[in-house]
Amino acid sequence: MKQLYDKSKIWFAIAWIVAYCVLMSLGDSLSTELGVEKSVTLLIGIALSALLLLFLGRHGLFCFHGLCRAKVHASTVLFYIPIVIMLTANFWCGVRLNYGVLETILYILAMFCVGFLEEVIFRGLLFQAMVKEGVKSAIIVSSVTFGIGHVVNLING
C-alpha cells in the first residue's frame, strides 16, 4: 500500500474509493441474504476503518489527512447549535424502528463506519492528493466523487 501511496496519491485514493464502494455494496447484499441487515456491512466497515487507520498511523499521516485536533477554539462550535436543532427535529415527535433492536444497532454502527470512511477517503485522501493541483479542482472532484458514491448507494437500495 505504501508503494502505491508514494507513487500516486490520486490512484491510492481511487483504489480506496473503488474498494469502499464495492466491498460495502457486497456487504449489504450478503447481510440481506443472511437475513440480518448490516451485519456483514458492519464487519467490512470495521475492517476497512482499521486498515485505513493502521496505514495512516504507521506512516504518520493522521494530521495530513485531517485526523488531528482542530486548530479552532472550542467556543466556535456554538455556531453549530442551530444545525443540531434542525437535524434533531425529526426525533421530537418520537421514533419508529423499521428493524429489530439488533439490526438497528448494527445499522447505526455501520453508519459510523461509513461516515468515517467517506470523510477520510473523499475529504482526506482524494482531496489532499489533488489540492496541490489547485484547491478549486480538488473541491469539485472530491465533491463529485462523494456524490457519485451516494448515487451508487441509492441504486443499491
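Definitions and limits used
- Residues numbered from 1 in each chain as written.
- Predicted model: local features only at pLDDT ≥ 70, side-chain atom pairs only at ≥ 80, totals over all residues.
- Heavy atoms only, no water.
- Phe/Tyr/Trp six-rings, centres within 6.5 Å; stacked < 30°, edge-to-face > 60°.
- Lys NZ or Arg CZ within 6 Å of the ring centre and 35° of its normal.
- Salt bridge = Lys/Arg side-chain N within 4 Å of Asp/Glu carboxyl O.
- Helix = DSSP H or I, 4+ residues; strand = E, 2+ residues; numbered from the N terminus.
- Buried < 20%, exposed > 50% of the residue type's maximum accessible area, 1.4 Å probe, protein only.
- Axes fitted to C-alpha atoms, helices over the stretch in contact; angles between N-to-C directions.
- Parallel < 35°, antiparallel > 145°, perpendicular 65-115°, else oblique.
- Contact = heavy atoms within 4.5 Å.
- Nonpolar A, V, L, I, M, F, W, Y, C, P; charged D, E, K, R; others polar.
- 1 Å grid on protein atoms, 1.4 Å probe; cavity = no way out; pocket = protein on both sides within 12 Å on 5 of 7 lines; lining within 4 Å.
- Points joined across faces, edges and corners; volume = space filled by probe spheres on them.
- Core = buried A, V, L, I, M, F, W, Y, C linked by side-chain atoms within 4.5 Å.
- Polar contact = N/O pair within 3.5 Å; in protein donor to acceptor, adjacent residues only side chain to side chain.

Undergrad: Just give me the short version of the packing of aromatic side chains, but keep the residues and values in it.
TA: One pair of aromatic rings is described through two measures. These are the centre distance and the angle between the planes. A complete count under the given rule lists six aromatic pairs for this structure. Of the aromatic side chains, those joined through ring pairs into one cluster are Y5, F12, W16 and F55. Sitting over the ring of F146, R123 keeps its end group 4.3 Å from the ring centre.

Undergrad: Could you give an account of the pattern of salt bridges, naming the residues involved and the relevant values?
TA: If you walk through the whole model with that rule in mind, you get three salt bridges. For the salt bridge of R123 with E119, the shortest nitrogen-to-oxygen distance reads 3.5 Å. Taken together, the residues span about one helical turn, with R123 and E119 both in helix α5 (residues 101-130) at a distance of four residues. Assessed through its relative accessible area of 35%, R123 is described here as partly exposed.

Undergrad: Describe the packing of helix α2 (residues 9-34) against helix α3 (residues 39-58), naming the residues involved and giving the relevant values.
TA: Where α2 meets α3, the axes come as close as 6 Å, and the angle between the chain directions of the two elements is 155°. When the axes of α2 and α3 are compared, the pair comes out roughly antiparallel. Of α3, the residues touching α2 (which contributes F12, W16, Y20, L23, M24, G27, D28, L30, S31 and L34) are S39, V40, T41, I44, G45, L48, L51, L52 and F55. Classifying every residue of the contact of α2 with α3 gives 13 nonpolar, five polar and one charged.

Undergrad: How would you sum up empty space enclosed by the protein? Please name residues and give values.
TA: If a probe the size of a water molecule is rolled over the atoms, the empty space left behind becomes visible. Applying the stated criterion across every chain, the model contains one cavity of 30 Å³ or more. Considering only enclosed or pocket space, the largest cavity measures out at about 30 Å³ in volume. For the largest cavity, the full set of lining residues is Y20, C21, M24, S25, G149, V152 and N153. Broken down by secondary-structure element, the contributors of at least two residues to the lining of the largest cavity are α2 and α6 (135-156).

Undergrad: I'd love a proper account of the nonpolar core, names of residues and values included.
TA: By size, the foremost hydrophobic cluster in this structure holds 25 residues, and its most contacted members are W16, Y20, L52, L56, I121 and L125. Only α2, α3, α5 and α6 provide two or more residues apiece to this core. Here this core gets eight residues from one element, more than from any other, and that element is α5.

Undergrad: Can you break down the environment of T88 residue by residue, with the values?
TA: Within the secondary structure layout, T88 lies in helix α4 (residues 81-88). The class of T88 is partly exposed, set by a relative accessible area of 30%. From its side chain, T88 meets the backbone oxygen of I85 in a polar contact 3.1 Å long.

Undergrad: Provide a residue-level description of the side chain of E118, including the pertinent values.
TA: Positionally, E118 belongs in helix α5. Residues within four places of E118 in sequence aside, it is in contact with Y20, R123, F146, H150 and N153.

Undergrad: Residues and numbers for the environment of V40, please.
TA: By the secondary structure assignment, V40 is in helix α3. Residue classification places V40 among the buried positions, given a relative accessible area of 16%. Note: C-alpha distance between V40 and L30 (10 residues apart in sequence) is 6.4 Å. Discounting residues that sit within four places of it in the chain, V40 has contacts with G27, L30, S31 and L34.

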